[in-house]
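# Geometric and topological summary
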Amino acid sequence: MENLKEPQESLDTVDDTISWPDSRGHFGDYGGCYVPEILMYPLEELIAAYKEARQDQGFINELKSLLKNYVGRPTPLFFASRLTEYVGGAKIYLKREDLNHTGAHKINNALGQILLAQRMGKKRIIAETGAGQHGVATATVCALMNTECRIYMGTEDMRRQALNVFRMKLLGAEVVGVDSGSRTLKDAINEALRDWVTNINTTYYLLGSALGPHPYPQMVRDFQAIIGQEARSQILELEGVLPNLLIACVGGGSNAIGLFYEFLKDSNVEIVGVEAGGRGQTLGEHAARFHSAGGGRPGVLQGTFSYILQDSDGQIASTHSVSAGLDYPAIGPEHAYLHDTERVSYVSASDNEALEAFQLLAKLEGILPALESSHAVAYGLKAAAKLSKDKVVIVNLSGRGDKDVHTVADVLGVSL
Amino acid sequence: MSRIAEKFQALKKVERKALIPYITAGDPDLAITEQLIIKMAECGADIIELGVPFSDPMADGPVIQRATERALTKGIKLVNILDLVGRVRKVSQIPIVLFSYFNPLLQFGLENLAKKAKEVGIDAILVTDLSPEESENFLNILKKHNLDMIFLLAPTSSDERMAKVAKLASGFIYAVSRTGITGMQQKLSDTVKPLVSRIRNHTNLPIAVGFGISNREQVKEVCYYADGAVVGSRIVAEIEVSRDQSELVEKIGNLVKELSS
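Residues numbered from 1 in each chain as written. Chains lettered and ligands numbered in written order. Predicted model: local features only at pLDDT ≥ 70, side-chain atom pairs only at ≥ 80, totals over all residues. Heavy atoms only, no water.

## Observations concerning the overall build of chain B
Within chain B, the regular secondary structure consists of 12 helices and eight strands. Against the 2.2 N^0.38 benchmark of 18 Å for 261 residues, chain B shows a C-alpha radius of gyration of 17 Å, consistent with a compact globule. Principal axes of the C-alpha set define a box for chain B whose edges measure 45 × 40 × 35 Å. Considering chain B as a whole, with its 261 residues, one finds that 63% of them fall into the buried category. Restricting to contacts in chain B with at least 6 residues of sequence separation, those with at least 24 account for 72%. (Helix = DSSP H or I, 4+ residues; strand = E, 2+ residues; numbered from the N terminus. Rg over C-alpha atoms; globule rule 2.2 N^0.38 Å. Buried < 20%, exposed > 50% of the residue type's maximum accessible area, 1.4 Å probe, protein only. Contact = heavy atoms within 4.5 Å.)

In structure tokens, the structure reads:
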């Protein structure tokens, strides 16, 4: 796959073709910078440093080299022939982000940001994690760069992702359990923000999704855009045409925007984001932010204006998903914009549908997908079945499922 | 002239500074919040900051986080807090600043909130996570209803930001004494005094210092160079400790007396 675009272009074409966000991080009405005054200083510092870095050839070359030699990019675009045959509809391709070093797309962003932190002279890294994949990616790049690393993680997530907790510790990170609120990703972000606001001079906050205040949604998107850039040239090489449909799961939304971004201008490519439908339609039972009857509507949480699951008084709701990585009440602001402008459709897949897709992919293709990615697979099965055999679907397999084996065993009533 | 401006002017005449206690509305319950405001006003508080509980208080330390959780467990809503201020106004004219994260206000409806806030007798609104950059719309709404918007400035704020905030602010400026979250501390940061004088270069508005002020000595120290001191976590911690005792209101009154002496 040598026709992979140069990261030089990957960080810069963005501005040529797409007119958002504006200079203050707005995607239409969404995004922006809703933070206490103290955080404006490190954010402005970060905005300036990122602006400079994305035009610096040295920075781009180093990132490019690490993505190739350390992460193992480009990741394959794999034709899932048995799954395709099973469904009996469109051809299903899987973008294998699960084959990245550390097992998920999260490392693309973690590497970009650790290089930025180094340029800024920050000696201490903090991050939040939900499923643990971003925590592992951050701990990994901190080990690589010999940098102090502290990861905040909700204690409920630590329980369901115990394997990733131990991985982070092996990588030399300090994992701090967060016992407030719902004890999941949202609460880990609150605690990371509290740490950052206390240690702004020494500390870099390595945020893991296309969320939070400007410039994070834009920066994380830019670092993840490589997924779609590769997929676009790969499918053109393999099929000679653009795909008819792109599918990715959406928690905060970084793997999704990473796949989607390069295709946004291709108006004949249909794009679908899959939220966590959880175990029911009522508030608290799911994590589908665009489900208006289920409590999703625009609001401000953790620095950004976007769709949020909340009660009528503006208190943030608890969420449920079998996958820790999708279990979050807000969605990245660019997704809110793409939703309202109807460029991207958003649907949901339930816990059960995701669990079925998990097992199906294991048996048919020999791939254990992350439970997060299993939501995208679940919708992919349904969508492909409705399309004719000459159509092409790309599903983003954002991570591998080894971390979820215990959860799946629990649900299936198997004791390990 | 607004109640806040009048208050600072009156204090200036008698060469005093403002003591501004913060409490979370609904902690431990609304009836006691009402009594606490009235008692604190009697015991030397000059302005009250009344916190709206929010599920995700990212700028707050553990003391105020717990107060927020206690209030939310009681099911406190913004509309209850507005009604509470209406009841207080029948007996006290102490200026009240509604202190909130943005989302509960946004969901209430900003226009509706401003109208209702004015009706019940709130004087100003401070939104922890509404940066000056994002505040234009809400600021215009508050202006229309003659409500002050209180902005924060921190040791990390550039002179450029200070100038910008000075243009937008009314009522007073809240100077955040140090980086970090809300909470008590043993010793005030050395950055406070230079912060106040930097802000002073940009505005004639009163400047109140908050974050980490927890005893009479610190209030005194801050009031040498600023126009007021905000005390939050110390009072909220006392409410937490004494919340099941019948003498809670009396105790908080005594604490405010001590802080204001």
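## Examining the packing of aromatic side chains
If you walk through the whole model with that rule in mind, you get 18 aromatic pairs over all chains. Between Tyr34(A) and Phe102(B) the ring centres are 6.0 Å apart and the planes differ by 15 degrees, which places this aromatic pair in the stacked class. Of this pair, Tyr34(A) sits in strand S2 (residues 30-34) while Phe102(B) sits in helix H5 (residues 102-108), each in a different chain. Overall, Tyr34(A) belongs to the buried group, its relative accessible area being 8%. When its relative accessible area of 6% is taken as the criterion, Phe102(B) is described as buried. Ring centres of Phe290(A) and Tyr307(A) lie 4.7 Å apart, and the angle between their planes is 65 degrees; on these two criteria the pair is classed as edge-to-face. In this pair, Phe290(A) is assigned in the loop between strand S10 (270-278) and strand S11 (296-301) and Tyr307(A) in strand S12 (residues 303-309), connecting sequence segments 17 residues apart. Neither Phe290(A) nor Tyr307(A) differs from the other in exposure class; each is buried. The ring of Phe79(A) is capped by Lys91(A), whose NZ or CZ atom sits 5.5 Å from the centre of that ring. (Phe/Tyr/Trp six-rings, centres within 6.5 Å; stacked < 30°, edge-to-face > 60°. Lys NZ or Arg CZ within 6 Å of the ring centre and 35° of its normal.)

## Brief notes about the side chain of Lys403(A)
Residue and element names in this part refer to chain A. Mapped onto the elements of the fold, Lys403 is located in the loop between strand S14 (392-397) and helix H16 (405-411). A polar atom in the side chain of Lys403 sits 2.8 Å from the side chain of Glu372. Apart from the residues within four sequence positions on either side, Lys403 is in contact with Ala131, Gln133, Arg160, Gln161, Leu163, Asn164, Ala370, Leu371 and Glu372. (Polar contact = N/O pair within 3.5 Å; in protein donor to acceptor, adjacent residues only side chain to side chain.)

## Digging into the sheet that holds strand S6 (residues 148-154) of chain A
Residue and element names in this part refer to chain A. Strands sit in the order S7-S6-S5-S8 across an open sheet of four strands; the sheet is parallel. Strands with a single pairing partner mark the edges of an open sheet, and in this sheet they are strand S7 (174-178) and strand S8 (203-205). Direction aside, the axes of adjacent strands within the sheet are offset by 25 degrees on average. (Pairing = 2+ DSSP bridges. Axes fitted to C-alpha atoms, helices over the stretch in contact; angles between N-to-C directions.)

## A short note on the pairing of strand S8 (residues 228-231) of chain B
Residue and element names in this part refer to chain B. Residues of S8 alternate between two faces, with Gly228 and Val230 on one and Ala229 and Val231 on the opposite face, all of them buried. Bridge analysis of strand S1 (residues 18-24) against S8 gives four bridges, and the strand direction is parallel. Paired with Ala18 across the two strands is Gly228, which belongs to S8.

## Considering the side chain of Gln133(A)
Residues and elements named next belong to chain A. Checked against the element boundaries, Gln133 lands in helix H6 (residues 133-144). Taking the relative accessible area as the measure of exposure, Gln133 reaches 8% and is therefore buried. Residues in contact with Gln133, not counting those within four places in the same chain, are Thr102, Gly103, Ala104, Lys106, Asn164, Arg167 and Lys403.

## What to know about the confidence of the model for chain A
The predicted model of chain A has a mean per-residue pLDDT of 94, with 96% of residues at 70 or higher. Note on residues 1-10 of chain A: pLDDT under 50 across the span, and 15 contacts to partners over four residues away in sequence or across chains. (pLDDT = per-residue confidence, 0-100.)

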